[in-house]
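# Survey of secondary and tertiary structure
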Amino acid sequence: NYAVTLWIAEFWNTLSSVVIFAAGAVGLWRWWGRRGAIEPRFAACFLGLALIGLGSTAFHATLLKLSQASDELPMIWLGLACCYCLGTRHADDTPSRRRRWGWGLGLYGALFSVAYFAVANYFVFFLASYAAVVAYISVITWRVVFREVHGPALRRLFWWSIGAYLGGFALFWIPERTIGCDHALQVAQLHWASRSQAKPEPPTPTTPGSSDSPNRS
């Protein structure tokens with residue numbers, strides 16, 4: 001923390017968070033240009049991705065608990081938006097079915113957001129909820145890719161996404177929990193660092209001109 005600059009806690013994670021925001025913003029911009037042809041439910045996904053980028057930037061730059069919430073809550077919201085897109089993917093879905101999906105997922109998102117701040121061990125609660133959402137998305141996406149829509153490009157994207165999740169979990173999250181933050185792979189950083197529970201103390205400012213002042217040249 002604060003290894004690159006005194007003003008940003010995790011420099012490279014913060015930088016990669018800006019890329020996440022840019023991806024969501026570009027998606028929203030492209031949807032806006034074709035909003036008559038693309039349903040608004042996909043715009044909700046791009047909006048969720050952009051919010052994750054903003055919240056993640058704030059979190060990795062400061063490591064504050066409030067900014068951690070601004071990172072983790074949009075992850076659940078985006079997952080629920082993806083669940084809605086998958087649950088209402090059929091052309092013959094009735095408006096009542098779509099409303100049920102919308103109200104059900106919206107209620108879950110609202111209740112989760114309230115519980116996030118009320119539960120003492122909120123990070124474990126977040127992990128369990130996020131894992132359940134990602135598992136559902138993975139299973140339904142597998143069904144879509146391998147049973148409903150056949151195409152090599154979609155299958156490659158599916159396996160790439162599954163590999164990214166499992167690879168990040170196995171190569172970064174587990175070693176960090178068992179070995180610590182100083183294991184060799186953690187040098188890559190770039191958004192693989194786990195969620196911190198509290199902000200560490202930044203370097204103490206010193207009087208200009210003293211021998212302990214950092215060299216900013």
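Presented here is an overview of the structure given in this document. (Residues numbered from 1 in each chain as written. Predicted model: local features only at pLDDT ≥ 70, side-chain atom pairs only at ≥ 80, totals over all residues. Heavy atoms only, no water.)

## Brief notes about the environment of Leu80
Among the secondary structure elements, Leu80 is positioned in helix H3 (residues 65-87). Judged by relative accessible area, Leu80 falls into the buried class, the value being 8%. Sequence separation between Leu80 and Cys45 is 35 residues; the distance between their C-alpha atoms is 8.9 Å. Each residue touching Leu80, except ones within four places of it in the same chain, is listed here: Leu105, Tyr108, Gly109 and Val133. (Helix = DSSP H or I, 4+ residues; strand = E, 2+ residues; numbered from the N terminus. Buried < 20%, exposed > 50% of the residue type's maximum accessible area, 1.4 Å probe, protein only. Contact = heavy atoms within 4.5 Å.)

## Focus: the packing of aromatic side chains
Inspection of the entire model under this criterion finds 14 aromatic pairs. Pairing Tyr108 with Phe112 gives two aromatic rings, centres 6.4 Å apart and planes at 25°, and the pair type is stacked. Of this pair, Tyr108 and Phe112 both sit in helix H4 (residues 95-118), 4 residues apart, which is roughly one turn of the helix. The class for Tyr108 is partly exposed, based on a relative accessible area of 35%. One aromatic cluster is present, built from ring pairs that chain together Tyr108, Phe112, Tyr116, Phe117, Tyr122 and Phe125. When the ring centre of Trp32 is taken as origin, the NZ or CZ atom of Arg35, which lies over that ring, is 3.9 Å away. (Phe/Tyr/Trp six-rings, centres within 6.5 Å; stacked < 30°, edge-to-face > 60°. Lys NZ or Arg CZ within 6 Å of the ring centre and 35° of its normal.)

## As for the pattern of salt bridges
In this structure the tally under the stated criterion is 4 salt bridges. Here Glu39 ties to Arg98 by a salt bridge, and the two come within 2.8 Å at their closest N and O atoms. Of the two residues, Glu39 sits in the loop between helix H1 (11-33) and helix H2 (40-62) while Arg98 sits in helix H4, which places them 59 residues apart along the sequence. Judged by relative accessible area, Glu39 falls into the partly exposed class, the value being 31%. For Arg98, a relative accessible area of 22% puts it in the partly exposed group. Salt bridges linked by common partners bring Glu39, Arg41 and Arg98 together as one network. (Salt bridge = Lys/Arg side-chain N within 4 Å of Asp/Glu carboxyl O.)

## Points about the nonpolar core
One broad rule of soluble globular proteins: the nonpolar side chains tend to lie buried together. In terms of nonpolar packing, the biggest core is built from 24 residues, with Ile76, Phe112, Tyr116, Phe126 and Tyr130 touching the most fellow members. Broken down by secondary-structure element, the contributors of at least two residues to this core are H2, H3, H4 and helix H5 (122-148). Looking at which element gives the most residues to this core, the answer is H3, with 10 residues. When residues no more than four places from it in sequence are discounted, the contact partners of Tyr116 are Gln68, Ala69, Glu72, Leu73, Tyr122, Phe125 and Phe126. (Core = buried A, V, L, I, M, F, W, Y, C linked by side-chain atoms within 4.5 Å.)

## Observations concerning the environment of His60
For His60, the position within the fold is in helix H2. With 47 residues separating them along the chain, His60 and Asn13 place their C-alpha atoms 6.1 Å apart. Engagement of the side chain of His60 in a polar contact is seen with the side chain of Glu10, the distance being 2.5 Å. (Polar contact = N/O pair within 3.5 Å; in protein donor to acceptor, adjacent residues only side chain to side chain.)

## Description of the state of the cysteines
Applying the stated criterion across every chain yields a total of 0 disulfides. The thiol sulfur of Cys82 is not disulfide-bonded, and the nearest other cysteine sulfur, from Cys45, lies at 4.1 Å. The exposure class assigned to Cys82 is partly exposed, which follows from its relative accessible area of 24%. Distance from the sulfur of Cys85, which forms no disulfide, to the nearest cysteine sulfur (Cys45) is 3.6 Å. Judged by its relative accessible area of 9%, Cys85 falls in the buried class. (Disulfide = S-S within 2.5 Å.)

## Considering a nonpolar patch on the surface
Together, Phe21, Leu47, Leu51, Leu54 and Trp77 make up a nonpolar patch on the protein surface, roughly 430 Å² of accessible area in all. Ranked by the residues each element gives to the nonpolar patch, the list is headed by H2, at 3 residues. Structurally, the position occupied by Trp77 is in helix H3. (Patch = residues over 30% accessible without salt bridge, like charges linked within 9 Å, V, L, I, M, F, W, Y side chains within 5 Å. Areas by Shrake-Rupley, 256 points an atom, 1.4 Å probe, with all protein chains shown as cover.)

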